[in-house]
Amino acid sequence: MRNAWSITRWDPGAGTPTYLLASAFTVTPSLCAQATRVDCVIDSSNSIRGTTNFRHFAHAAESLLACWSFFRRYPAARPRLVLKDLRSIDGVIWAESLVRLMGCEVLGGIRAWQYYLPMATLNAAGCAVRGALRQRSGNGYKGREMKWLMSESDASELQQRLHRNHTAGGVLRVGIANRRGSRNLSNVDAVAAALSSALRSVQASSRGGGDGLQHFMRVDVNVVADLGGWTFLEQATWVSAQMLVVMPHGAGSVNYLFARPCTAILEVYPFGYYLPGEYLNLARAVGALGYTAYPGDTPYNDTDRHSSPAARYQARSVSLAPDPARVAEWAVEAVAASAQCRRHQSQGARAPPREAFA
């Protein structure tokens, strides 16, 4: 039922997978003794339904990042995306920028004549090993959490290619990325003020090292009206620079891909539409700490009751006004959790190794 805003650490449980497994892909070996190319096929069976939906950059990213993980398992081969069933990223700027960062060719798309070549011809000509997801890896709902990558190192490699490093400066950067239109934070100024006041108050207090704030000379709370008006590089750089991120649920959340490990991310959801298993599982995959803000205490039950397309549309179309005091409390707790996470990393904790294909 609708209630006061609650903020919780998103913990899907030990049985919920974070990463794609090698078994999630079908693999066709190269016809040559040594593969010179690695192809990853995206089609209607393993991506979101509908060509229009696929052209939504966040949905395209689901498939592109899975292919990026597949490519990295064959480092000596040249990577190539094979788009079938009229899948296309032509003109989808964020997705095109991600593909350039991945460094792969694109075979297919609506305008490409190569789209019509038989797969056997392509394989023989290019000496390619070919892989494809067996099916879409999830949709974000409980029990169907989205799996974006095969390992944390896959995200780290993309981040390194951007040459972004924001580890110095003694500044605690807190970013609020709002949205224009639906699911905007209508009280974003009040939230920003509460965050700034709470963090600066704790920083100035005599509390010891447990709060994680003693390492920072100042607190910088910055608000972005809408990341959608920024370039791919600007979006990635902004997310990478923050230690705490507050963002309403939406496509811009795919930029969690560029969050540094131990970044604390608070995703704000409308009543009846609670999908932390979508973008927060991406945050989890890159080593960030995911939190949810929801106006009630039974988010999954509420979402189940709003399962019709009309109810989902209505739930997604509102403005959001999370309790500023509760968000401020979260921020203080999140800084301490982030500091503990970094200490754990410094003591030698490592992400699991990349899984290889047989």
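What you see is a predicted model; the values in this text were computed from it and never measured. (Residues numbered from 1 in each chain as written. Predicted model: local features only at pLDDT ≥ 70, side-chain atom pairs only at ≥ 80, totals over all residues. Heavy atoms only, no water.)

Caption draft 1: Representation of the overall build of the protein chain in the model. In terms of helices and strands, the protein chain carries eleven helices and eleven strands. Each of the 358 residues in the protein chain was classed as buried or not, and the buried ones make up 54%. Once local pairs closer than 6 in sequence are excluded, the contacts in the protein chain between residues at least 24 apart make up 80%. Accessible area for the protein chain stands at about 15,800 Å²; split by element, carbon and sulfur atoms hold 52% of it. (Helix = DSSP H or I, 4+ residues; strand = E, 2+ residues; numbered from the N terminus. Buried < 20%, exposed > 50% of the residue type's maximum accessible area, 1.4 Å probe, protein only. Contact = heavy atoms within 4.5 Å. Areas by Shrake-Rupley, 256 points an atom, 1.4 Å probe, with all protein chains shown as cover.)

Caption draft 2: Geometry of the pairing of strand S7 (residues 171-177). In terms of residue burial, S7 counts as a mostly covered element, since six of its seven residues are buried. Judged from the seven bridges that link them, S7 and strand S8 (residues 218-224) form a sheet pairing that is parallel. Counterpart to Gly175 in the pairing with S8 is Asn222. With three bridges connecting them, S7 and strand S9 (residues 244-248) associate as parallel partners. Following the sheet pairing, Val174 is matched in S9 by Leu244. (Pairing = 2+ DSSP bridges.)

Caption draft 3: Seen up close, the environment of Leu162. For Leu162, the position within the fold is in the loop between helix H5 (152-161) and S7. Using a relative accessible area of 11% as the deciding quantity, one classes Leu162 as buried. In the structure, Leu162 is positioned 75 residues away from Thr237 in sequence and 8.3 Å away in space, judged by C-alpha atoms. The residues touching Leu162, leaving out its near neighbours within four places in the chain, are Leu101, Leu233, Ala236 and Phe258.

Caption draft 4: View of the environment of Ala204. Residue placement: Ala204 occurs in helix H6 (residues 188-204). Judged by its relative accessible area of 69%, Ala204 falls in the exposed class. Considered as a pair, Ala204 and Met217 are 13 residues apart in the sequence and their alpha carbons are 9.9 Å apart.

Caption draft 5: Quick peek at the state of the cysteines. Following the criterion strictly, the structure yields three disulfides and no others. Note that Cys262 is cross-linked by a disulfide to Cys341, the S-S spacing being 2.0 Å. Between Cys262 and Cys341, the S-S dihedral sits near -70°, and the bridge is therefore left-handed. Of the two residues, Cys262 is situated in the loop between S9 and strand S10 (264-268) and Cys341 in helix H11 (residues 324-346); the sequence distance between them amounts to 79 residues. Taking relative accessible area as the criterion, Cys262 reaches 1% and is therefore assigned buried. (Disulfide = S-S within 2.5 Å.)

Caption draft 6: Examining the pairing of strand S4 (residues 78-83) more closely. Where burial is concerned, most of S4 is hidden: five out of the six residues are buried. In this sheet, S4 lies alongside strand S3 (residues 37-42) in parallel orientation, the contact comprising six bridges. Opposite Asp39, over in S4, you have Arg80 as the bridge partner. Running through helix H3 (residues 93-102), the crossover from S4 to the neighbouring parallel element strand S5 (residues 105-108) is right-handed. (Right-handed = clockwise from strand over helix to strand, strands pointing away.)

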